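Secondary and tertiary structure notes
Single-letter residue listing:
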Amino acid sequence: MVKAGGLSTRGPRNLLRQIREALAGGADAAHVASAQQRLDVVVRIIARSMVAEVCSIYLRRGSGELELFATEGLNPEAVHNTRLRPGEGLVGEVARLAQPVSLSNAQEHPSFSYRPETGEDPFNAFLGAPLLRGGRAIGVLVVQNRAARVYDEDELEDIQNIAMVLSETVASGGLLGDAELRDVELAPHRPERLSGQKFAEGLAVGRAILHEAPVPPDKLLADDPALEEQRLNAGLAALKSSIDVLLEGGQAKLGGTPYEVLETYRMFADDRGWNRSLLEAVRSGLTSEAAVDRVRTEHRARFASARDPYIRERLHDFEDLANRLLRILMGDDPSARVIPDDAILVARNLGPADLLEYPRSKLKGLLLEEGSPAGHAAIVARALQIPCVGRLPGLRDRLSEGDAVIVDGETGEAYLRPRADMLAAIQNRMEVRAQRRAEFDQLRDTPAVTLDGRRIMLLTNAGLAVDLENLDMTGAEGIGLFRTEFQFMVADELPKLTAQTALYKLVLDAAGDRPVTFRTLDIGGDKVLPYLEPEREENPALGRRAIRLGLDRPALLRMQLRALLAAAAGRELRVMFPMIATVEEFRRARELMDVECDWARRRGRNLPRLIRLGAMIECPSLLWHLDALLPLTDFVSVGTNDLMQYMFAADRTNPRVADRYDAMSPPALRALLEIRKKCTDTNTPVSICGEMAGKPLEAFALIALGFDRLSAPASGVGPVKRMILSADLNAAWRGMEPLLASSASSVRGEIESLARKLNLAV
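This is a predicted model, so every value here is computed, not measured.

**Points about the nonpolar core**
Judged by nonpolar contacts, the single largest core of 96 residues is most densely connected at F518, F577, L672, I675, L710, M723 and I751. When residues of this core are assigned to their parent elements, the largest contribution, eight residues, is made by helix α19 (residues 583-602). Apart from residues lying up to four places away in sequence, F518 is in contact with F482, T484, Y504, V507, L508, L564, L573, R574, V575 and M576. The next biggest cluster of nonpolar side chains, apart from the first, holds 51 residues, and it includes V42, M50, L141 and L232.

**Some details on the environment of K364**
Relative to the helices and strands, K364 resides in strand β11 (residues 363-368). You can call K364 partly exposed: its relative accessible area is 33%. C-alpha of K364 to C-alpha of V407: the two residues are 43 residues apart in sequence and 9.0 Å apart in space. Setting aside its immediate chain neighbours within four residues, K364 contacts A204, D341, D342, A343, I344, I386 and P387.

**Focus: the sheet that holds strand β7 (residues 192-195)**
Working definition: the strands of a sheet are paired by backbone hydrogen bonds and lie parallel or antiparallel to each other. Taken in spatial order, the eight strands line up as β7-β14-β13-β9-β10-β11-β12-β8 in an open sheet, and their pairing is mixed. Strands at the two margins of the open sheet, each flanked by one partner only, are β7 and β8 (197-200). The mean inter-strand angle of the sheet, taken between neighbouring strand axes irrespective of direction, is 30°. One ladder, built from four bridges, connects strand β9 (residues 203-210) with strand β10 (residues 343-347); its direction is parallel. Residue pairing across strands places I209 opposite L345, the latter belonging to β10. Contacts from helix α13 (residues 420-442) reach β9, β13 (404-408) and β14 (413-416), with the element oriented near 120° to β9.

**So, the sheet that holds strand β1 (residues 54-60)**
On the basis of which strands lie adjacent, the open sheet formed by six strands has the order β3-β2-β1-β6-β5-β4 and antiparallel pairing. Bordering the open sheet on either side are β3 (83-84) and β4 (101-103), each of which pairs with just one other strand. In terms of strand pairing, β1 meets strand β2 (residues 66-72) through six bridges, oriented antiparallel. Paired with R60 across the strands is L66, a residue of β2. Docked against the sheet, helix α3 (residues 89-97) engages β1, β2, β3, β4, β5 (125-133) and β6 (136-145), running at close to 40° with respect to β5.

**Describing the packing of aromatic side chains**
Under the definition given, this model contains four aromatic pairs. With a centroid separation of 5.7 Å and 65° between ring planes, the pair formed by F482 and F518 is classed as edge-to-face. With F482 in strand β16 (residues 479-483) and F518 in strand β17 (residues 516-519), the pair connects residues that are 36 residues apart, well separated along the chain. F518 gets classed as buried once you look at its relative accessible area, which sits at 0%. Centroid distance F648 to Y661: 5.1 Å. Interplanar angle 5°. Geometry classified as stacked. Taken together, the positions of F648 in the loop between α21 (640-647) and α22 (666-681) and Y661 in the loop between α21 and α22 put the pair 13 residues apart, joining distant regions of the chain. Exposure remark for F648: the relative accessible area of 28% places this residue in the partly exposed category. Owing to a relative accessible area of 17%, Y661 belongs among the buried residues under this scheme. Within the aromatic cluster, the residues linked to one another by ring pairs are F482, Y504 and F518. Its end group placed over the ring of W599, R562 keeps NZ or CZ at 3.6 Å from the ring centre.

Conventions adopted
- Residues numbered from 1 in each chain as written.
- Predicted model: local features only at pLDDT ≥ 70, side-chain atom pairs only at ≥ 80, totals over all residues.
- Heavy atoms only, no water.
- Core = buried A, V, L, I, M, F, W, Y, C linked by side-chain atoms within 4.5 Å.
- Buried < 20%, exposed > 50% of the residue type's maximum accessible area, 1.4 Å probe, protein only.
- Helix = DSSP H or I, 4+ residues; strand = E, 2+ residues; numbered from the N terminus.
- Contact = heavy atoms within 4.5 Å.
- Pairing = 2+ DSSP bridges.
- Axes fitted to C-alpha atoms, helices over the stretch in contact; angles between N-to-C directions.
- Phe/Tyr/Trp six-rings, centres within 6.5 Å; stacked < 30°, edge-to-face > 60°.
- Lys NZ or Arg CZ within 6 Å of the ring centre and 35° of its normal.

Shown next as structure tokens:
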């Protein structure tokens, strides 16, 4: 029996096997050499197997037009002569929607476009599927029949599997050679410039590698479908088990919203439609990896353009599940991947541990579709001094693995497949940067002293073991901010007391006589640890994070304080508590340190010779309570990143509002001046450890206001020191003071003019 318009009784597996043989040059494709002949063989096999009177393949040209490249059943003279404009006809509709279109009477559809040269007049039934590559249609596969009929779900599934195999094989060059594909846009090939946000300074040129690597063409078709089904089921079971680990303890332990959030996530893993699509794809002859990739690509194409944030969030959930499942099936270990020496990593977003899994020596740059300058990936990129640009929508669909890429971390731009002149320009800029780095290296051992004799203490920010190398490389006088949460964020489980102690001791040993200030855990909100109770909050930046979480879970904070005391035995220990909003919060945190000191004394433990406790000024509420706070502290540090976003009620991680304020505005500068004055009056040491401290112009404003301790990212130490050596603080203050009374929203331009007038090296 043969099913009209559908696959013959030989079944979908046989069809995919025949296509594989045709692509390999066997069976009907014996002695076939040219691209055209091979395509003709493929459409003939598909038409015969699906009992279709027409089978056609259209590929997208560089102009965006869809060209008829091969057909069985239409007029052969129409091949390469019939071209459809973007969105034209039913074929254009399939490409526009990036999903299948099935019609029993095609000529009645409003998008139908009559092209007499094709001879398709008598064909009524139409079934078209897009050839998707990364969620983008690079072509269309069509089958047609004379009889008006409705194609069933099995036939729809079959043509999608065929289209998936064709798209991956064609795009990889496995079907057609480069010479025969001139001007065929199987993947974007023209130079493009994308504008995003700069997350980490620097320039890089290299080859794109995708964080979620595509399935290789030779891994698309299964030799043993029954075995593949077992592999898929085992992979799904492992996926669901990994999610169940997050739910360990059940509702009684988690309770309320956290449990419901994870239950929703687990529900997606159990989604019948998703699981059924995967199973049917495998049963049709695809490998488990190919099945996951196909379903992932279809979801991306269907929902990527959705404006509804809820729908886009669901797309991310499904994508994350698919990526997790692919890693399980492929046994993917990024550290074991063979990548080029000039790799530019491309991803939608990255967790803090993801970036560290790649070999540092080969990773030259990072491009992200999403993320924020304050996100985990951006912070790690800055620590590793890897240029990074984020907020590049549609990036992955515009790139293929191996494409030449430029990361411009100075302007926040990415250049894809750049022209020779652009490469030459970037190389010149990189040479200039190298010369500047050489200049900074010469200043490494030079004290940061202004022209009028003011000594500025330049420290660096850190959070990873690799950061410790920057102490000697930059000439920083110590670590003004050590972010202890990184150790927690890159771990699969809560770091044990011994592991925490070992890291803190390593940091103190590396610093030697130089001061180190440890910030206690700044987690919660958007910094979710998988092994702690997750909470989804409406406003995570204003939620239960940092010291609030530490005080709510004193055992967690006490263990960290215990580790710090043990690591600093016999030495000076400097600890500061983040996001202090009230004096009472600092008082309670200090009491926990007293409890831990008493615990250590009772057991005869060796304590630090000196303990200094400080508060981070990040919440505007403290600006009017410094007189009560400062007498309780040994020092304070201003976290300008959070202080500014709270002052201006603008989430710095939200690109829609992050540029609504400028830290170089009169109210921001006056607030900083007030903090400095209060600290001077009480002899309280104060430092700046936000991003402002690492930018020469902003750092100039800070030292003009009287701050003499700056903690900057490693990449900012050299440029800021050069600026300090060229500054006259008396002249700087005389020029700055009148600007504080301005009613302008920003005085950045005026400060730039002042810097030029003073011949400042910024």
